[in-house]
Structures are given as structure tokens and as C-alpha cells.
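# Working through the structure, step by step
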Amino acid sequence: MLKIAICDDDKLHLSYTRKLAENILSESRLMISEFAGANELLLEMDGTGYIPDIALLDIQMPGIGGIELAKEINRCASECKIVFISSYIFYAPEVYDTEHIYFVLKSQIEERLPAALAKAVASLEKPKCFMLIKSGASVSRIPLESVLYLERVLHKTRVVTADSSYMTTQPPADLLSCVEEKDAFIHCHQSYWVNVRNIETMEANEFMLCGGAAVPISRAQKSKSKDAFFRMLAEKK
């Protein structure tokens with residue numbers, strides 16, 4: 001069962017988006033839930049444990065807007081694939097503060113929503129990758145997407161996630177051997193490897209990550225780091 005949440009304060013567009021989604025995914029078993037605002041969706045998630053597989057979010061809504069809503073969904077339901085739907089193109093740069101699949105203009109929804117939903121469904125079907133971290137006799141299995149960065153500290157490697165960190169004698173090359181995606185991590189500094197999917201912004205000499213962490217970019221790695229960052233942005237469009 002594919003669970004889809006549609007959040008839009010415009011009732012007519014809410015119904016229209018639902019109808020389009022049902023037609024596009026006609027061969028799938030669907031459970032579509034409609035929400036007139038961010039608070040309704042967050043209360044449902046908090047109160048019943050509801051976790052949508054795909055969330056179609058309007059951006060400009062009273063109270064909590066779609067971008068802030070997406071950040072909260074990223075935090076508490078990281079597996080949910082987010083598609084932004086907006087009447088305003090000027091929001092397009094702002095959505096990169098979130099992890100999302102697609103940005104669709106309402107004026108182009110009939111043409112763009114099929115591609116957005118196809119990408120979201122394909123992402124859900126992609127097998128989940130894990131990083132195996134050895135520490136003494138124990139092995140921790142960490143979802144790759146939760147890793148923020150690796151830091152080489154003397155002869156050990158520190159693996160930093162959003163809510164924890166692990167020390168291991170494994171070198172970064174060993175830890176990253178399970179990563180099939182070639183550019184998933186950027187070697188941005190002699191001692192740092194950053195997960196490109198968890199980068200929020202690139203500053204002059206550092207990457208700012210989800211949750212506020214900062215990772216330095218060395219002068220020697222700046223050009224390669226910049227190229228990798230912009231490749232990631234292009235792939236997320």
C-alpha cells in the first residue's frame with residue numbers, strides 16, 4: 001500500500017492534485033490522505049504514527065509553510081519522499097534547504113507531476129544502503145543516508161550522524177567501499193569526507209549540513225568540492 005499525503009490550504013487544488021495522483025498511479029494500491037494545513041499533517045503523524053511514503057506539499061500556506069513542514073518531515077520521517085507544488089517559481093531556490101524529490105509549478109502540474117511521482121516511487125523502491133562500522137568485537141549497521149560526515153583523527157575515523165558518532169580504526173576508503181554511488185561523499189578536506197545528500201549550503205570555506213554542523217573545505221579541494229555540490233543540486237531538480 002502506497003501512502004500519499006497531500007497538504008494544501010486551497011481545497012480545489014487539493015482535490016485536483018488527488019485526482020491527478022490517482023490517475024497517474026492507477027495501477028498501484030493507494031491510500032491518499034488530504035490535509036488542509038501543516039498542523040493537520042503533523043498532528044496526524046504525531047498522534048497516530050502516520051508516516052506517508054510520499055508527501056505532496058504546497059509551499060505558501062497559513063501558519064507553517066511547506067518548506068518548514070518539509071524540514072520537520074525530513075527530521076521525523078526521513079524515508080518520506082517530498083514533492084513541492086507551488087504557484088510561485090521564486091520559491092525554487094529555498095526548497096534546497098530540505099531533502100526533496102521534485103519541485104512542480106501548479107501551472108505545469110499535469111505535465112510535471114507524472115515525472116515527480118515516478119521519481120518518488122523509484123526512490124522508495126531503491127534498496128537501502130548501510131555503512132558497517134567496526135569497533136573492537138562489535139559492528140554497527142548505520143543507514144548511509146544518516147551519515148553526515150567522516151573525519152580522520154590520527155589513526156582512527158570518526159563517523160558522525162545527526163544524533164551520534166562512532167570511532168573506528170577503519171580508514172574512510174574501507175567505510176565507503178559499500179557506497180555504490182560514486183559521488184555520494186565529497187572528499188572536501190584532507191581529514192573530511194561529507195555526505196553530499198546532507199549538505200544544506202556551501203559557504204566560502206565550509207559546507208553547512210543538516211542540523212547545523214559545519215565541515216571545512218580546504219583550498220586544494222575547493223574546486224572539486226564545488227563541482228560535486230552543483231552536480232548534486234542539478235540531480236535533485
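Heads up: the structure comes first, above all this text.
The notes below deal with the structure included here. (Residues numbered from 1 in each chain as written. Predicted model: local features only at pLDDT ≥ 70, side-chain atom pairs only at ≥ 80, totals over all residues. Heavy atoms only, no water.)

### Observations regarding the sheet that holds strand β1 (residues 2–7)
Put simply, the rule is: The criterion for strand pairing is that DSSP finds at least two bridges linking the strands in question. The way it works is that DSSP assigns letters per residue, a run of H or I at least four long becomes a helix, a run of E at least two long becomes a strand, and they are numbered from the N terminus. Interaxial angles span 0 to 180 degrees and are taken between N-to-C directions of axes, which are lines fitted to C-alpha atoms, for helices over the stretch in contact. Residue contacts follow a heavy-atom distance rule, with two residues in contact if any of their heavy atoms lie within 4.5 Å.
Strand order in the open sheet formed by five strands is β2-β1-β3-β4-β5, and the pairing between neighbours is parallel. At either end of the open sheet lies a strand with only one pairing partner, and these are β2 (30–35) and β5 (102–105). Taken pair by pair, the neighbouring strands of this sheet meet at an average axis angle of 20°, ignoring direction. Pairing analysis gives six bridges linking β1 to β2, with the strands arranged parallel. For Cys 7, the partnering residue across the bridge sits in β2 and is Phe 35. Each of β1, β2, β3 (54–58) and β4 (81–86) is contacted by helix α1 (residues 11–24), which is oriented at about 170° to β2, the strand it contacts most.

### Let's talk about the nonpolar core
Applied cut-off: For this analysis, a nonpolar core means a set of buried residues of the types Ala, Val, Leu, Ile, Met, Phe, Trp, Tyr and Cys, connected via side-chain atoms within 4.5 Å. Throughout this description, buried means an accessible area under 20% of the type-specific maximum (1.4 Å probe, protein chains only), exposed means over 50%, and partly exposed covers the range between.
Counting residues in hydrophobic clusters, the biggest one holds 43 residues, and the most contacted among them are Leu 41, Leu 57, Leu 69, Ile 73, Phe 84, Ile 199 and Phe 207. Beyond its immediate stretch of four places on either side in the chain, Leu 41 contacts Ala 5, Phe 35, Tyr 50, Leu 57, Leu 69 and Ile 73. Ile 54, Val 104, Leu 113 and Val 121 belong to the second-largest nonpolar core, a separate cluster that totals 21 residues.

### Remarks on helix α4 (residues 109–125)
Cut-off, in case you're wondering: Given a helix with a known number of residues, its expected span is that number minus one, times 1.5 Å. In this description, the arc belongs to the directions extending from the helix axis to the C-beta atoms.
In this model α4 runs 23 Å from its N-terminal to its C-terminal C-alpha over 17 residues, within 8% of the 24 Å that 1.5 Å per residue would give. Within the span of α4, buried status applies to Ile 109, Leu 113, Ala 116, Leu 117, Ala 120 and Val 121. Looking straight down α4, one finds that the buried residues subtend no more than 130° of arc, so they occupy a single side. Away from the buried face of α4 by more than 90 degrees, exposed residues Glu 111 and Glu 125 are located. Looking at the buried side of α4, the elements it contacts are β1, α1, β3, β4 and β5.

### Comments concerning the state of the cysteines
Operational definition: By convention in this document, the label disulfide applies to cysteine sulfur atom pairs within 2.5 Å.
Applying the stated rule across the entire model yields zero disulfides. In this structure Cys 76 is a free cysteine whose sulfur lies 8.9 Å from that of Cys 80, the closest cysteine sulfur available. Cys 80 gets classed as buried once you look at its relative accessible area, which sits at 4%.

### Quick notes on the sheet that holds strand β8 (residues 147–153)
Judged by pairing direction, the sheet is antiparallel, and its five strands sit side by side in the order β10-β9-β8-β12-β11 without closing on themselves. Looking at strand neighbours, the two that pair on one side only are β10 (165–168) and β11 (185–189), the edges of this open sheet. Here the strands of the sheet are splayed against their neighbours by 20° on average, with no regard to which way each runs.

### Describing empty space enclosed by the protein
For clarity, the cut-off: Both cavities and pockets are sets of points on a 1 Å grid over the protein atoms alone; in a cavity a 1.4 Å probe fits but cannot get out, in a pocket the set is open with protein on both sides within 12 Å along at least five of seven lines, and lining residues sit with an atom within 4 Å of a point. Grid points are joined across faces, edges and corners, and a volume is the space filled by probe spheres set on the points. Residue polarity is assigned by list, with Asp, Glu, Lys and Arg as charged and Ala, Val, Leu, Ile, Met, Phe, Trp, Tyr, Cys and Pro as nonpolar; anything else, Gly included, falls into the polar class.
According to the stated counting rule, one finds two cavities of 30 Å³ or more in the structure shown. Computed from the structure, the second largest cavity encloses a volume of approximately 40 Å³. If you go around the second largest cavity, the residues you meet are Ile 6, Cys 7, Asp 8, His 13, Thr 17, Leu 56, Leu 57, Asp 58 and Ile 85. Among the secondary structure elements, those contributing two or more residues to the lining of the second largest cavity are β1, α1 and β3. Top element by residues in the lining of the second largest cavity is β3. It accounts for three residues. Tallied by class, residues from the lining of the second largest cavity come to five nonpolar, two polar and two charged.

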